Amino acid sequence: MTDANPKPLVRRGSDVEYERVELADGLRKGVLLGDEQGTPHFDMRRFVLEPGASVPRHTNEVEHEQFVIEGEYVVGLGDETHTVSAGDSILVPAGVEHWYRNDSERQGSFLCVVPKADDHIELVE
């Protein structure tokens, strides 16, 4: 359980460990701020899409707020497809089908903030 009165914190990027995400080829995730840092309401993660990475169409039970840090990639939201790049923001409401594809030769990455709640990922065929 996280503390309702967390202490201020600066976490260095070099302290963040990234792990491969089994759901997708070429996708890595690092938890920037989460339970271990005492966040009371939200988790902040950074996802890295390697060149050629593809994340299959799926849904989540919680909303996602995302900010593109680097690169350019394609994101599908429901029936729409968008090319996004550094500085763009994305809202993925709970239950909306979404997917990602990095067709470029450069990595792309984005911040993803989610509320602390049970989340279930469901692949959509």
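Refer to the structure presented above.
(A) Main features of the nonpolar core. One finds Leu27, Leu49, Tyr73, Ile90, Tyr100 and Phe110 to be the most contacted residues of the largest nonpolar core, which totals 18 residues. For this core, the elements supplying multiple residues, two or more each, are β3 (42-59), β5 (72-77), β7 (89-92) and β9 (108-115). Counting residues per element, this core draws most heavily on β3, at 4 residues. Dropping the residues within four chain positions of it, Tyr73 is found in contact with Leu49, Val68, His82, Thr83, Val84, Ile90, Tyr100, Arg101, Asn102, Gly108, Ser109 and Phe110.

(B) Seen up close, a negative patch on the surface. A cluster of acidic side chains, namely Glu17, Glu19, Glu22 and Glu36, defines a negative patch on the protein surface. Here Glu19 shows up in strand β1 (residues 18-20). When its relative accessible area of 49% is taken as the criterion, Glu19 is described as partly exposed.

(C) Structural context of the environment of Ile69. Along the chain, the position of Ile69 falls in strand β4 (residues 64-70). Through-space distance from the C-alpha of Ile69 to that of Pro6 is 27 Å; in sequence the pair is 63 residues apart. Not counting residues up to four positions away in its chain, the partners in contact with Ile69 are Arg46, Ala86, Ser109, Phe110 and Leu111.

Conventions adopted
- Residues numbered from 1 in each chain as written.
- Predicted model: local features only at pLDDT ≥ 70, side-chain atom pairs only at ≥ 80, totals over all residues.
- Heavy atoms only, no water.
- Core = buried A, V, L, I, M, F, W, Y, C linked by side-chain atoms within 4.5 Å.
- Buried < 20%, exposed > 50% of the residue type's maximum accessible area, 1.4 Å probe, protein only.
- Helix = DSSP H or I, 4+ residues; strand = E, 2+ residues; numbered from the N terminus.
- Contact = heavy atoms within 4.5 Å.
- Patch = residues over 30% accessible without salt bridge, like charges linked within 9 Å, V, L, I, M, F, W, Y side chains within 5 Å.
- Areas by Shrake-Rupley, 256 points an atom, 1.4 Å probe, with all protein chains shown as cover.
- Salt bridge = Lys/Arg side-chain N within 4 Å of Asp/Glu carboxyl O.
- Lys, Arg positive; Asp, Glu negative; His and termini not counted.
- Charge placed at Lys NZ, Arg CZ, Asp CG, Glu CD.

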